[in-house]
Amino acid sequence: MWKPNHSIRCLQLQTGARNKLSPCLLNSTRFCNYATLAATGSVAVPQEISSSLNSIVPDSPPPSQSDLQRLYDFVNDSKRLVVITGAGTSTECGIPDYRSPHGAYSSGFKPMTHQDFISSEQNRRRYWARSYAGWRRFISANPGPTYLSLAQLEAKGRVKGMITQNVDRLHYKAGSKPIELHGTTHEVICLDCGDMSDRYLFQNRVKKLNPEWAKAVEALESGQPGSDASFGMRIRPDGDLDIHEKFFRKGNFIIPECKKCNGTLKPNVVFFGDNVPKPRVDLCMSLARSADALLVVGSSVMTMSALRLVRAAADMGSPIAILNIGPTRADDLAHFKINARSGEVLPRLLNMGSMSVPTS
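Bear in mind the structure is a predicted one, so any value in this text is a computation, not a measurement.

1. Brief notes about helix H10 (residues 304-315)
The first and last C-alpha atoms of H10 sit 16 Å apart over 12 residues, in line with the 16 Å expected at 1.5 Å per residue. What H10 keeps buried is the set Ser305, Ala306, Leu307, Leu309, Val310, Ala312, Ala313 and Ala314. Looking at the residues trailing H10, positive phi occurs at Gly317, about 90°.

Printed below as a string of structure tokens:
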């Protein structure tokens, strides 16, 4: 049985390796976007995208050739690879995370907790007003190179299953269907009867009940000038926005009730302080234990729900690889770690050569 390396050596990124990489990677403060070529299953030549992503994607040197080779061997040697993804995979798509140096916590933001949501109608009004405003921006994000590369690895039969901590459904847009450990903002659940409804329908109900608020949001999105139409909104990982309270305390913001029981509605997301439903925990745990190798991508593994899955795989003797910028809570369990942007690593992995197809 493989034993974790408690004196983990984070793979050092060789500055000399930059000369072997695409010119657009020579400046590590820029970020590269990789387009998927459906016809060939390969990855296109990198193209630079807006440098505005640099404000939310943590800085990191490009991966070295030795990093890429080690990860290639790790993936190619596995027959039952399981991948766990986190918020770092979405930062390259324009959705900030919480814990990175540029994340929401760095600006003093505190996310809505489960206890805050259920204990106060004003808290719920604040959450839904801001979340309504941020929804269209949130869902306009498109899957970046990490999502597209993982979908290709699935299509090649190299990934047995995926578990994501993200609630944005960008995996789905890329063609994957992972287990959503922490739920999704695309569904709304009744806390009283458990009925599940579609978020798009909920958005329409909010618009009908709050026409003035809806007009203000539409004015903001269209770029019309004016204080009420240009207040500094910043999107959060859960789709919520940072908006001054005066904008949703003007008049009465009405929250739709459950159509079946008139109960309290909540996004089908595991808020901080809440528990992941046991059936979902069991499903994820079973998948993690069935892996013969586990890859963590874009996650600091700070939530206990994710850490337990990594520990479960390690307890079964499966090697662990981590692809993430900065320290993680599972570093002491890792066989090796690459400290680089996943969007600059995984597309290159696909271009390194033909991987074998698992026979079992």
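2. Side note on helix H4 (residues 121-139)
The end-to-end C-alpha distance of H4, which contains 19 residues, comes to 26 Å, matching closely the 27 Å that a straight helix rising 1.5 Å per residue would cover. Approximately 40° is the largest bend angle found in H4, and it occurs at Ala133. The residue sitting at the N-terminus of H4 and contributing the capping side-chain oxygen is Ser120; that oxygen lies 3.2 Å from the backbone nitrogen of Gln122.

3. Some points on the UniProt feature "binding site: NAD(+)" (unreviewed entry) in the protein
The positions that UniProt labels "binding site: NAD(+)" (unreviewed entry) are, in the present scheme, Gln165, Asn166, Val167, Asp168, Gly298, Ser299, Ser300, Asn324, Ile325, Gly326 and Ser342. Take Gln165: it is sitting in the loop between strand S7 (161-164) and helix H6 (170-174). Classification of Gln165 by relative accessible area gives buried; the value is 13%. Each residue touching Gln165, except ones within four places of it in the same chain, is listed here: Ile84, Thr85, Gly86, Leu181, His182, Ser299, Thr303 and Ala306.

4. Here's the deal with the packing of helix H9 (residues 278-290) against H10
For the pair H9 and H10, the least separation of the axes is 7 Å and the interaxial angle reads 35°. For the pair H9 and H10, the crossing hand works out as right-handed. Judged by residue contacts, Cys284, Met285, Ala288 and Arg289 of H9 engage Arg308, Leu309, Ala312 and Ala313 from H10. Here the residues of the contact of H9 with H10 sort into 6 nonpolar, no polar and 2 charged.

5. Comments concerning the sheet that holds strand S9 (residues 183-190)
In space, the 3 strands of this open sheet follow the order S10-S9-S11, with antiparallel pairing throughout. Only two strands of the sheet have a single neighbouring strand rather than two, namely strand S10 (196-198) and strand S11 (265-269). The mean angle between the axes of side-by-side strands here comes to 45°, regardless of whether they run parallel or antiparallel. Strand direction decides the pairing type here: S9 and S10, joined by 3 bridges, are antiparallel. Of the residues in S10, the one forming a bridge with Val188 is Ser197. Where helix H7 (residues 199-209) meets the sheet, it contacts S9, S10 and S11, and its direction lies at approximately 65° from that of S9.

6. Considerations on the packing of aromatic side chains
One pass over the structure, following the stated rule, counts 8 aromatic pairs. Here Phe74 and Phe336 contribute two aromatic rings whose centre-to-centre distance is 5.5 Å and whose plane-to-plane angle is 85°, an arrangement assigned as edge-to-face. Remark: Phe336 occurs in strand S14 (residues 336-338) and Phe74 occurs in helix H1 (residues 65-77); sequence separation between them is 262 residues. For the pair formed by Phe74 and Phe336, the shared burial category is buried. Consider the rings of Tyr127 and Trp128, whose centres lie 5.4 Å apart with planes at 75°: the pair is edge-to-face. Just as Tyr127 is buried, Trp128 falls in that class too. Put simply, the rings of Phe117, Tyr127, Trp128, Phe202 and Phe271 touch in pairs and so form one group of aromatic residues. Over the aromatic face of Tyr172 sits the side chain of Arg169, whose NZ or CZ is 4.7 Å from the ring centroid. Over the face of the ring belonging to Phe271 we find Lys266, whose NZ or CZ atom lies 4.6 Å from the ring centre.

7. Focus on the pattern of salt bridges
On inspection of all chains with the given rule, the structure shows 7 salt bridges. We note a salt bridge from Asp282 to Lys278, for which the minimum N-O separation is 2.9 Å. One end of the pair, Asp282, and the other, Lys278, are both in helix H9, 4 residues apart, so they sit about a helical turn from each other. Since its relative accessible area comes to 57%, Lys278 is described here as exposed.

8. Focus: the pairing of strand S12 (residues 293-297)
In terms of burial, S12 is a largely internal element, 5 of the 5 residues being buried. Burial along S12 is two-sided: Ala293, Leu295 and Val297 and Leu294 and Val296, pointing in opposite directions, are all buried. Of the strand pairs in this sheet, strand S6 (residues 81-85) and S12 are connected by 5 bridges, and their pairing is parallel. Looking at S12, one finds that Ile84 is bridged to Val296. With 4 bridges connecting them, S12 and strand S13 (residues 320-323) associate as parallel partners. The partner of Val296 across the bridge, within S13, is Ile322. You can see the chain leave S12, run along H10 and come back into S13, and the turn it takes is right-handed.

9. Points about the environment of Gly94
With respect to the helices, strands and loops of the structure, Gly94 is situated in the loop between helix H2 (88-91) and helix H3 (114-119). On the accessibility criterion, Gly94 (29% relative accessible area) is partly exposed. Sequence spacing of Gly94 and Ala141 is 47 residues, and the spatial spacing of their C-alpha atoms is 6.8 Å.

10. Brief notes about unusual backbone geometry
In terms of backbone geometry, most residues other than glycine have negative phi values and most peptide bonds are trans. Phi at Asn262 is positive, roughly 65°, even though this residue is not glycine. Considering the arrangement of structural elements, one finds Asn262 in the loop between helix H8 (211-221) and S11.

Rules of the game
- Each residue is numbered by its place in its chain's sequence as written, counting from 1.
- It should be noted that, the model being predicted, local features are given only for residues of pLDDT at least 70 and side-chain atom pairs only at 80 or more, the latter also being counted only at that level, while totals for whole chains, interfaces and linings use all residues.
- Only heavy atoms go into the side-chain values, all of them from the structure, while hydrogens and water stay out.
- A helix here means a DSSP run of H or I that spans at least four residues, while a strand means a run of E at least two residues long, and both kinds are numbered starting from the N terminus.
- Given the number of residues in a helix, its expected span is that number minus one, multiplied by 1.5 Å.
- Any residue under 20% of the maximum accessible area for its type is buried, any over 50% is exposed, and the rest in between are partly exposed; the area is computed with a 1.4 Å probe on protein chains only.
- The bend at a residue is defined as the angle formed between two axes, one fitted to the seven residues ending at that residue and one fitted to the seven starting there.
- As used in this structure description, the phrase polar contact means that two N or O atoms lie within 3.5 Å; if the pair is within protein, one of them must be able to donate a hydrogen and the other to accept it, and residues adjacent in sequence are counted only when both atoms belong to side chains.
- UniProt positions are given in the numbering used here, feature names are shortened, and annotations may be inferred rather than shown by experiment.
- Any two residues having at least one pair of non-hydrogen atoms within 4.5 Å are treated as being in contact.
- Note on definitions: angles span 0 to 180 degrees between N-to-C directions of axes, and those axes are lines fitted to C-alpha atoms, for helices only across the stretch in contact.
- Here is the rule for handedness: rotate from the far helix to the near one, and if that takes an anticlockwise turn smaller than a right angle the crossing is left-handed, while a clockwise turn gives right-handed.
- Three residue categories are used. Nonpolar comprises Ala, Val, Leu, Ile, Met, Phe, Trp, Tyr, Cys and Pro, charged comprises Asp, Glu, Lys and Arg, and polar comprises the others, including Gly.
- Strands were regarded as paired on the criterion that DSSP finds at least two bridges between them.
- Pairing of aromatic rings covers Phe, Tyr and Trp, the last counted by its six-membered ring, and requires centre-to-centre distances within 6.5 Å; plane angles under 30 degrees mean stacked, over 60 mean edge-to-face, and any other angle means tilted.
- As a reminder, the over-ring test applies to NZ of lysine and CZ of arginine, requiring each to be within 6 Å of the ring centre and within 35 degrees of the ring normal.
- By definition, a salt bridge exists where a carboxyl oxygen of Asp or Glu is found within 4 Å of a side-chain nitrogen of Lys or Arg.
- A right-handed crossover is one whose linking path, passing over the helix from the first strand to the second, runs clockwise when the strands point away from the viewer.

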